[in-house]
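Next come the chains, spelled out residue by residue.
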Amino acid sequence: MSAMTAWKTSDRAGAGCARKPRILTIRQPAQPEHRRAVPSLAARIDAAIVAYERKALVFETLPLLLACPLIRRVIVADNASSDGLAREGPARFPQVQWIALARNEGCTAWNRAASAAESPYLLILDDDCVPDLASLADAQARMERESDVGLAVFNIVNTATADSTQTAEDTD
C-alpha cells in the first residue's frame, strides 16, 4: 500500500491552521511494479535527491528516475560527500542537474534543489529512496484533478520486508 497525504491549500491558510489535513490513500494493485501500466500523463515533475556518501544508491536510482515518463528533470544536491559523487555523477549522468555543496547542509540542501526546480510538481527523495511509479502517477493525476491539493506525501515501504512505516486510511 502506498499512502498519499494531501494538504489542501485552504487547510493551510489562516491563523493556526485549525483544520486537520485530509489524508488520502492510494492502494497499489497486487501486480509487481514493472508489470503495472503507468497512466499517460505529461512529464510535469522535477525530482530532487539530497545525497551524502551514498553514490552507489544514487547511481541505482537515477536510471529509474530518468526513464520515468512523469519526470521532467532530476536534480541531485550532493552534501559534500567524499565518495566521489560530485565528481563522477556529472560524467556518468550529464542529463541530471548537479549541485555540489561545499559542506554538508543536511536536510536544508533540499531547498537548494527546490530552487533549481522549474516543473509544477517537485518530488523530494532521500538518497536511499525509489518512488513507486504507479503511485507517483496516481498522485500527479490527483493533484491535476484537484487544483487545491498542495502537497502529497507517500507512505514509505521497506521493499526488502514489505513493511511500511505508517498506515493511513481515508479521512475527511
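Residues numbered from 1 in each chain as written. Predicted model: local features only at pLDDT ≥ 70, side-chain atom pairs only at ≥ 80, totals over all residues. Heavy atoms only, no water.

A. Summary view of the packing of aromatic side chains. Throughout the structure, instances matching the rule amount to 1 aromatic pair. For the pair Phe59 and Phe93, a centre-to-centre distance of 5.5 Å together with 55 degrees between the ring planes defines the contact as tilted. In this pair, Phe59 is assigned in helix α2 (residues 55-67) and Phe93 in the loop between α3 (85-92) and β5 (97-100), connecting sequence segments 34 residues apart. Note on Phe59: relative accessible area 7%, which makes it buried. (Phe/Tyr/Trp six-rings, centres within 6.5 Å; stacked < 30°, edge-to-face > 60°. Helix = DSSP H or I, 4+ residues; strand = E, 2+ residues; numbered from the N terminus. Buried < 20%, exposed > 50% of the residue type's maximum accessible area, 1.4 Å probe, protein only.)

B. Spatial organisation of the confidence of the model for the protein. On average, residues of the protein score 75 in pLDDT, and 68% of them are at 70 or above. Within the model, the stretch residues 1-36 combines pLDDT values under 50 with 87 contacts to residues more than four positions away or in other chains. Within the model, the stretch residues 165-172 combines pLDDT values under 50 with 17 contacts to residues more than four positions away or in other chains. (pLDDT = per-residue confidence, 0-100. Contact = heavy atoms within 4.5 Å.)

C. Expanded view of the nonpolar core. Core analysis: the largest hydrophobic core is formed by 24 residues, its most contacted members being Leu62, Leu65, Ile71, Val74, Val76, Trp98 and Leu123. Ignoring any residue separated from it by four or fewer positions in sequence, one finds Trp98 in contact with Phe59, Leu62, Val76, Leu85, Gly89, Pro90 and Phe93. Within the second largest apolar cluster, 10 residues are counted, among which are Ala77, Ile99, Trp110 and Ala113. (Core = buried A, V, L, I, M, F, W, Y, C linked by side-chain atoms within 4.5 Å.)

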